[in-house]
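# Structure at a glance
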Amino acid sequence: MPLIHSEPSYQPPFWLPEGHTQSIYTALFRKITKLIPQRERLTLRDQDFVDLDWYVEGSLSDKPLLIVSHGLEGSSQAQYVRGLVKTMIAQGFNALAWNFRSCSGEMNNKLRFYHSGATDDLDDVIQACVDRGAKYIYLAGFSLGGNLTLKWLGEQGQNHPNLIRKAVAFSVPLHLSSSSRKLARRENGLYTHRFLQTLLSKAKEKAVLFPTAVDVAILQRIKTLREFDDVITGPLHGFKDAEDYYEQNSALYFLDKIQVPTLVVNAQNDPFLSPECLPASLASQWENVFLELPTQGGHCGFYPSDYRGTLWSEQRAMNWFLNKETINYVE
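Per chain, residue numbering runs from 1 following the sequence as it is written. Confidence filtering applies because this is a predicted model: local features only for residues at pLDDT of at least 70, side-chain atom pairs given and counted only at 80 or more, and all residues used for totals across whole chains, interfaces and linings. Side-chain descriptors were evaluated using all non-hydrogen atoms of the structure, hydrogens and water having been removed beforehand.

A word on the sheet that holds strand β6 (residues 164–170). One open sheet holds the eight strands; their spatial order is β1-β2-β4-β3-β5-β6-β7-β8, and the pairing between them is mixed. Two strands in the sheet have a free side with no partner beyond their single neighbour: β1 (38–43) and β8 (289–292). Within the sheet, the average angular offset between the axes of one strand and its neighbour, ignoring direction, is 20 degrees. The pairing of strand β2 (residues 49–55) with strand β4 (residues 94–98) spans four bridges and is classified as antiparallel. Bridging across to β4, Leu52 finds its partner in Trp98. Strand pairing is defined by DSSP finding a minimum of two bridges between the two strands. To qualify as a helix, a DSSP run of H or I must reach at least 4 residues; to qualify as a strand, a run of E must reach at least 2; elements of each kind are numbered from the N terminus. Here an angle of 0 to 180 degrees is reported between the N-to-C directions of two axes, which are lines fitted to C-alpha atoms, with helices fitted over the stretch in contact.

What follows deals with the pattern of salt bridges. Whenever a carboxyl oxygen of Asp or Glu lies within 4 Å of a side-chain nitrogen of Lys or Arg, that contact is scored as a salt bridge. Enumeration over the complete set of coordinates arrives at 19 salt bridges. A salt bridge links Glu155 to Lys151, with the shortest nitrogen-to-oxygen separation between them at 2.5 Å. Of this pair, Glu155 and Lys151 both sit in helix α4 (residues 144–156), four residues apart, roughly one helical turn. Of the charged contacts in the structure, one is a salt bridge between Lys257 and Asp256, with a shortest N-O distance of 3.4 Å.

Let us look at the packing of aromatic side chains. What describes a pair of aromatic rings is the distance from one ring centre to the other and the angle between the planes of the rings. Any pair of Phe, Tyr and Trp rings, taking the six-membered ring for Trp, is counted once the centres come within 6.5 Å. Such a pair is stacked with planes under 30 degrees apart, edge-to-face with planes over 60 apart, and tilted for the rest. All told, the structure shown has 21 aromatic pairs when counted by the stated rule. Between Tyr25 and Phe29, the aromatic rings sit 5.2 Å apart at their centres with planes inclined by 35 degrees, giving tilted as the arrangement. Of this pair, Tyr25 and Phe29 both sit in helix α1 (residues 19–29), four residues apart, which is roughly one turn of the helix. Where Tyr25 meets Tyr303, the ring centres are 5.2 Å apart and the plane angle is 80 degrees; that geometry is what we call edge-to-face. Remark: Tyr303 occurs in the loop between β8 and α10 (312–322) and Tyr25 occurs in helix α1; sequence separation between them is 278 residues. The partly exposed category is assigned to Tyr25, whose relative accessible area is 25%. With a 1.4 Å probe rolled over the protein chains alone, any residue whose accessible area is under 20% of its type maximum counts as buried; one over 50% counts as exposed, and the rest are partly exposed. Residue class for Tyr303 comes out buried when judged on its relative accessible area of 12%. In textbook terms, an aromatic cluster arises when at least three aromatic residues are bridged by ring pairs, as seen for Tyr10, Tyr80, Phe142, Phe170, Phe302 and Trp312. Directly above the aromatic system of Phe49 lies the positively charged group of Arg41, at a separation of 3.8 Å from the ring centroid. Of note, Lys166 hangs over the ring of Trp320, and the distance from its end group to the ring centre comes to 4.4 Å. Only when the NZ atom of a Lys or the CZ atom of an Arg is both within 6 Å of the ring centre and within 35 degrees of the ring normal do we say a charge sits over the ring.

Nothing here speaks to function; it is geometry throughout.
This is the structure in structure tokens:
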């Protein structure tokens, strides 16, 4: 039964000594250039839409296809998404980076947003790729997008499309409730403030479009992500409150049902992740999920000491997808 991998752990540069700097530096200062996608608007089953960024050479049947899901309030243009896309394109893949509802720069049409367990949208994206002739599909997700990817795989179980080959997820809040409590700590105030700025702005825009469904006065009192999930995310998506939303959508509860070889990489110093998101003791219970817990890396960080254009996480994903033991850099 799969246990924690013995892949060499990530080693940060000396000037990124801990989880906060490892998370923030990569997010703010790393830039990915020379990637120009073709954007498409996909109509979903409920007649809402998501925007897709395609990186395709030839037809979808010519190469394996990587589908990447971004994190909370991220987008298809996030550096960690584009970096992985660039890495896998260099290895002969096509790629699709999709934007969750409201994350492509334009508000979606329906009252609902996206959330950590909104696997119906990912299912629609994957089905569109299948319908268009994708031959082999590989999945990648970061943070919230990692939870979404893992939950979808668990829900599919043995009924997943045969062309789904492998999956990888980085910096995943596997247990949403305890992760939300950790993010509410004072030392994580910067992250909470950044997320709430855009989330509350979107909620206020929804209040204008759906005035009877969103109470603007309540929005003024929200100070944490849990509070936002308690009055917005949970109720708008059919959950009783934040805790009900967390319990029904935490990927931790779906890992034992995954039938596709899947790698989960969570850094032990990730400021977003609680101990419950580092479940080493449970690894032996999963038949198809491999868990790696490097001591360093931060949240979607993994900037290596010998950086040459590629993050350690991108090298790790490439090695996992291609069964490589050596590291190839993408200049």
